[in-house]
Amino acid sequence: MPAANLWIWRAARARDTRHATAIGWLSGAAIGISLFYTILYVPFTPWAVVAILFFGLGLIPLAPLFATATAFYLRAAYQKHVPGVRLPGGWPGALAGIGLLTLFQLPNAITYYGLAKITSEDPDVRAHGVRVLRRFGDEDLILRACYGLLRNRNIDMDVIRWLASGNQYVSAEQAREAYYRVTGRPFNSVPAPSLFTQNGRWTALEDEFTWDEGLGGDAVAQRVKGLSLLSSRMDAAADPEAATVYCEWTMEFKNVSNQPREARAQVALPPGGVVSRVTLWINGEEREAAFGGRSQVREAYEEVAVVQRRDPILVTTCGPDRVLVQCFPVLVGGVMKARLGISAPLLLESPEQGRFVWPQFLERNFSVAGDLKHELWIESSAALSNGLGANAATQAASGKFSLRGTVTELDLVDAVPNVIVRRPAITEAWTPARVPGQVIRQTIRSRTAQSPSKLILVLDGSAQMRDALPEIAAGLAAAPRHIPAELIVASDRRTESIMLSNASSDELLRRLRRFRFEGGQDNVPALETALDAAAETSGAVVLWIHNPQATLLSAETGLRQRLEHNVAGTRLIELQTRTGPDRLVEKLDGLSAVEHAPRLGTLREDLARLFARWTSAAQQFELVRERVNAEPAPAGPQAGRDLERLWARDEALRLAAARNPASAVALATEQQLVTPLTGAVVLETAEQYAQHGLTPADPATVPAVPEPNAMALAALAAGLWWWRRMLRQRKAS
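1. With respect to helix α19 (residues 642-657)
Three or four residues apart is the spacing at which side chains of an α-helix point the same way, because the helix has 3.6 residues per turn.
At step 1: In this model, α19 (16 residues) spans 23 Å end to end at C-alpha, consistent with the 22 Å of a helix rising 1.5 Å per residue.
At step 2: Along α19, the residues classified as buried are Asp 642, Leu 643, Glu 644, Arg 645, Leu 646, Trp 647, Ala 648, Arg 649, Ala 652 and Leu 655.
At step 3: Positive phi appears at Arg 659, one or two residues downstream of α19, with a value of about 60 degrees.

2. A closer look at the environment of Arg 75
At step 1: Turning to its location among the elements, Arg 75 is positioned in helix α4 (residues 59-81).
At step 2: The exposure class assigned to Arg 75 is buried, which follows from its relative accessible area of 12%.
At step 3: In this view, Arg 75 contacts Ile 8, Gly 24, Ser 27, Gly 28, Ile 31, Leu 87, Pro 88, Gly 89 and Gly 90; residues no more than four positions away in its chain are not counted.
At step 4: A polar contact of 3.2 Å, which involves the side chain of Arg 75, links it to the backbone oxygen of Pro 88.

3. Some details on the layout of surface pockets
At step 1: Estimated volume of the second largest pocket: approximately 690 Å³.
At step 2: Along its surface, the second largest pocket is lined by 30 residues, and Asp 218, Ala 219, Val 220, Arg 583 and Glu 586 are the ones closest to its centre.
At step 3: Taken together, the elements giving at least two residues each to the lining of the second largest pocket come down to α9 (172-183), α11 (294-307), β9 (313-317) and α17 (583-587).
At step 4: In the lining of the second largest pocket, the residues fall into ten nonpolar, eight polar and twelve charged.

4. Quick word on the sheet that holds strand β28 (residues 619-629)
At step 1: If you walk across this open sheet you meet the three strands as β20-β21-β28, and the pairing is antiparallel. The sheet terminates laterally at β20 (428-432) and β28, the two strands that pair on one side only. Between one strand and the next, the sheet's axes are offset by a mean angle of 20 degrees, whatever the strand orientation.

5. So, the side chain of Arg 298
At step 1: Checked against the element boundaries, Arg 298 lands in helix α11.
At step 2: Given the relative accessible area of 15%, Arg 298 is considered buried.
At step 3: A distance of 2.8 Å separates a polar atom in the side chain of Arg 298 from a polar atom in the side chain of Gln 326.
At step 4: Contact partners of Arg 298, with chain neighbours within four places excluded, come to Gly 216, Gly 217, Asp 218, Leu 314, Thr 316, Leu 324 and Gln 326.

6. A word on the packing of helix α2 (residues 20-40) against helix α5 (residues 90-117)
At step 1: Look at α2 against α5: their axes get within 6 Å of each other, and the N-to-C directions meet at 50 degrees. Comparing the axis directions of α2 and α5 gives the class oblique. Like other packed secondary-structure pairs, α2 and α5 cross with a definite hand, here right-handed. When α2 is examined against α5, the residues Trp 25, Gly 28, Ala 29, Gly 32, Ile 33, Leu 35, Phe 36 and Tyr 37 are found in contact with a partner set consisting of Gly 90, Pro 92, Gly 93, Ala 94, Gly 97, Ile 98, Leu 101, Thr 102 and Gln 105.
At step 2: Of the residues in the contact of α2 with α5, the class split is ten nonpolar, seven polar and no charged.

7. Thoughts on the packing of aromatic side chains
At step 1: Taken as a whole and judged by the stated rule, the model has eight aromatic pairs.
At step 2: Arranged with centres 5.0 Å apart and planes meeting at 65 degrees, the rings of Phe 253 and Phe 366 form a pair that is edge-to-face. Of this pair, Phe 253 sits in strand β4 (residues 244-255) while Phe 366 is found in the loop between β14 (360-364) and β15 (373-380), placing the two residues 113 residues apart along the sequence. As far as the burial class goes, Phe 253 and Phe 366 line up, both buried.
At step 3: Where Phe 611 meets Trp 614, the ring centres are 5.8 Å apart and the plane angle is 50 degrees; that geometry is what we call tilted. In this pair, the class of Phe 611 matches that of Trp 614, namely buried.
At step 4: Joined through ring pairs, the aromatic side chains of Trp 249, Phe 253, Phe 361 and Phe 366 make up one cluster.
At step 5: Positioned over the ring face of Trp 281 is Lys 337, at 4.4 Å from the centre of the ring.

Cut-offs applied
- Residues numbered from 1 in each chain as written.
- Predicted model: local features only at pLDDT ≥ 70, side-chain atom pairs only at ≥ 80, totals over all residues.
- Heavy atoms only, no water.
- Helix = DSSP H or I, 4+ residues; strand = E, 2+ residues; numbered from the N terminus.
- Expected span 1.5 Å × (residues − 1).
- Buried < 20%, exposed > 50% of the residue type's maximum accessible area, 1.4 Å probe, protein only.
- Contact = heavy atoms within 4.5 Å.
- Polar contact = N/O pair within 3.5 Å; in protein donor to acceptor, adjacent residues only side chain to side chain.
- 1 Å grid on protein atoms, 1.4 Å probe; cavity = no way out; pocket = protein on both sides within 12 Å on 5 of 7 lines; lining within 4 Å.
- Points joined across faces, edges and corners; volume = space filled by probe spheres on them.
- Nonpolar A, V, L, I, M, F, W, Y, C, P; charged D, E, K, R; others polar.
- Pairing = 2+ DSSP bridges.
- Axes fitted to C-alpha atoms, helices over the stretch in contact; angles between N-to-C directions.
- Parallel < 35°, antiparallel > 145°, perpendicular 65-115°, else oblique.
- Left-handed = near helix turned anticlockwise from the far one by under 90°.
- Phe/Tyr/Trp six-rings, centres within 6.5 Å; stacked < 30°, edge-to-face > 60°.
- Lys NZ or Arg CZ within 6 Å of the ring centre and 35° of its normal.

Quick look at the structure:
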């Protein structure tokens, strides 16, 4: 605008007839642009006049009006001072300028319109808004709304929003639901948007004023600026005889922003695992956590971390086999170091072999660099091998086997790293219980798998499922032929089922590709339909194959009701296609009819492994732990304390399901476990523990993995002792 007006002013003053065509078109475009913004600012013009009269403000909202009047005046002045020359491109240029600006603003206007529609109480209007956003929406603009940044756009964008949305306010929570429904991804799975001004990115503003609304809460919430994972290592020790593994995950968080940050992450545990140790380094010293009731430890964390801004860490469950880890504050320019200890059973494939799945992040509010390596190490007295078919373990002189590797965050998420642990063919093991005169006995029992009377598959219709369709089709082709099977695709367009009997992989793939996989779909209605159909036959199975449900789009109450009053004995088996948070699975925690199918390989392999359980010759192996009298002496070898911890986990869940929460909390606290009713917290001082009625764990009672260097020193010491002993025997002889 200033350049166009300056050019026509100088040409008129100099009576310059050169470039009249260019000047005419440029002047017309300037009129169109200024007129466009004048129209946009019409709602604010009266207020701007008042602001000038009473407060000396309002010149900026009136600038487009002044610019329009100036452009018309200069065009007329040129015609007056340069007679005989007619400026072309007046109204055509203006229309071109208006059209160009309209085209530029159209995606934003449509996005604002769609966001406004999703706030409606009418489900049809909300569905219309979702369709508009999926087809025409600006993904970056929706992401900005997820962080409440729309009001940081410059003033013309605010006017566009005001006109397109009817000034309808869209909350960050509503925008996050919209982002998931449009993209099929959680909003915090991508980097947070940057703040921009007319002069570019405003890094100082991001560092100083980015507010973390999830601070001290019970959700991971949005990504925060400047916080990252600095290092990660996992050390594990397997007990083949007891079929258990103890793993410690040590993490360091670094904060390069200009304000303290809280690191939050949802961690997937190995199937059947439980957090049995939590430590935090305070002033260079490793401190043990206190275990207590869930509300008790959260209250202590919120008081010390959020109010006093000291150095605690909190670990609570957030669904089956998953925990929420929170630590605050990660100081400005500082590093916070924490450790999780996890006791887990092996997934038995036979009495001679089991698998251990490494823990992983499901959701996080910090960044992980692409070149960061998770250092993995595991040791066992029996042979080990990589579950993905890579290298086998090396055997040390002491007879121990160890396996070491490094994986990126992407590998940990997509490749599902796991370890195959060989074990002796023993079926019983035991460990002394804390109760005098009693032991924890574990027995491996086998049983013939029961084939379901009917199989109903529910397939998530979200966009990210498209890439998995070939693997899913190949896996479904391996379904037992004697089981009647049908498939329902969860979609907000229609719920339609197809029969799967005797269909080949290619035929299944063709059928599946007829469905439109788009956005993020609500799977609850399709699951309710499937459970109703399964209830018509006793012993049916509903297999739910799904993408992570990052947002709960409808209430799960009807689903829980069907599963709690499960007269027909229907089982719901859920198989998640990729790593991520699942709000619906979290809501189904504690239901005995819900079974989680672990991911050990590709989708095709995992589906084939699941279907193999339903063949006539298939055997399933399960670990049964019970507390019994020490006399008579139990059979089998004595194992470590993890047997009792895993027994206590199962017993605490049973007590909670039996509506005996006090006993469940007492048992889990005594055994130092994180369960749905208990948590773990590290505080800074003894006074803080006493104030909240907590006692930190005695280091002598917590599990531990020997450091590799310490084990090497122990082996060296044993070797020296043996060498000196041999020398003495030779001298004596």
